[in-house]
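This is what each chain is made of:
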Amino acid sequence: MNLRFYREQNGWSQEQLAEKISVSRPVITRLETGEQAPDLSYLISLSNAFQVSIDHLLGRDEQTNEYLYEMYGKYQAEGSVSQLIDYLIKNPKFTQSLQELLLVKTKDRKEIEAIIMTIIERVSNVSK
């Protein structure tokens, strides 16, 4: 389970995570060490707290803690790239849409990318 990874990525202590999902800190410790298997209510609460799917939280999408740490560490020095990776990890539907975009013909993909960039530029100008 990727519980420890997501807890650390959010900068939360075990106590803080325990408060967020309304359990005791020892429960978090047991879940992280594998001493206790998470029940469905814990999985739902953790999934909501981290904003990731239960499959992703459990590592059923074949991304282990080691892989996540390796990828995050590789791009952490890049600054904003690590924020993008974190965003994509926490927003699997958006990630899926981007993967589908890669399958679109190059000409069409360039048009879609231009539209997306225009929207982002307009929103960022409004926000300033």
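Residues numbered from 1 in each chain as written. Predicted model: local features only at pLDDT ≥ 70, side-chain atom pairs only at ≥ 80, totals over all residues. Heavy atoms only, no water.

### What about the overall build of the protein?
And step 1. A tally of helices and strands in the protein yields 9 helices and 0 strands.
And step 2. Sequence-ordered secondary structure for the protein, helices as α and strands as β, is α-α-α-α-α-α-α-α-α.
And step 3. With 128 residues in all, the protein has 24% of them scored as buried.
And step 4. The contacts of the protein with a sequence gap of at least 6 include a subset with a gap of at least 24, amounting to 49%.
And step 5. For the protein, the accessible area works out to roughly 8900 Å², and carbon and sulfur atoms hold 52% of it. (Helix = DSSP H or I, 4+ residues; strand = E, 2+ residues; numbered from the N terminus. Buried < 20%, exposed > 50% of the residue type's maximum accessible area, 1.4 Å probe, protein only. Contact = heavy atoms within 4.5 Å. Areas by Shrake-Rupley, 256 points an atom, 1.4 Å probe, with all protein chains shown as cover.)

### Digging into the packing of aromatic side chains
And step 1. Evaluated as defined, the whole model comprises 3 aromatic pairs.
And step 2. Measuring from ring centre to ring centre gives 5.2 Å for F5 and Y6, while their planes differ by 80°; the resulting arrangement is edge-to-face. For the residue pair F5 and Y6, the accessibility class agrees, reading buried in each case.
And step 3. Their ring planes at 20° and their centres at 5.5 Å tell us that W12 and F50 sit as a pair that is stacked. Here the residue W12 occupies a position in the loop between α1 (3-9) and α2 (14-21), and F50 occupies one in helix α4 (residues 40-50), the gap between them amounting to 38 residues.
And step 4. Of the residues examined, F50 reaches a relative accessible area of 1% and is grouped as buried.
And step 5. In textbook terms, an aromatic cluster arises when at least three aromatic residues are bridged by ring pairs, as seen for F5, Y6, W12 and F50.
And step 6. The side chain of K20 reaches across the aromatic face of W12, ending 4.7 Å from its centre. (Phe/Tyr/Trp six-rings, centres within 6.5 Å; stacked < 30°, edge-to-face > 60°. Lys NZ or Arg CZ within 6 Å of the ring centre and 35° of its normal.)

### Let's talk about the nonpolar core
And step 1. Grouped together as the largest cluster of nonpolar side chains are 19 residues, with contacts concentrated most on Y6, L17, V23, L46, F50 and L57.
And step 2. The biggest single contributor to this core is α4, with 4 residues. (Core = buried A, V, L, I, M, F, W, Y, C linked by side-chain atoms within 4.5 Å.)

### Looking at a nonpolar patch on the surface
And step 1. Taken together, the side chains of Y87, F94 and L98 define a hydrophobic patch exposed on the protein surface, amounting to about 270 Å² of accessible area.
And step 2. Turning to its location among the elements, L98 is positioned in helix α8 (residues 92-101).
And step 3. Accessibility expressed as a relative area gives 30% for L98, which makes it partly exposed. (Patch = residues over 30% accessible without salt bridge, like charges linked within 9 Å, V, L, I, M, F, W, Y side chains within 5 Å. Salt bridge = Lys/Arg side-chain N within 4 Å of Asp/Glu carboxyl O.)

### Side note on the environment of L58
And step 1. With respect to the helices and strands, L58 occurs in helix α5 (residues 54-58).
And step 2. Sequence-distant contacts of L58, defined by excluding residues within four places in its chain, comprise M1 and L43.

### With respect to the pattern of salt bridges
And step 1. All chains considered together, the criterion is met by 3 salt bridges.
And step 2. The salt bridge partner of E8 is R4, with a shortest N-O separation of 2.8 Å. Here R4 and E8 lie together in helix α1, a separation of 4 residues that amounts to about one turn.
And step 3. Judged by relative accessible area, which is 46%, R4 ranks as partly exposed.
And step 4. In this structure, E113 engages R109 in a salt bridge whose closest nitrogen and oxygen atoms are separated by 3.7 Å. Of the two residues, E113 and R109 both sit in helix α9 (residues 106-127), 4 residues apart, roughly one turn of that helix.

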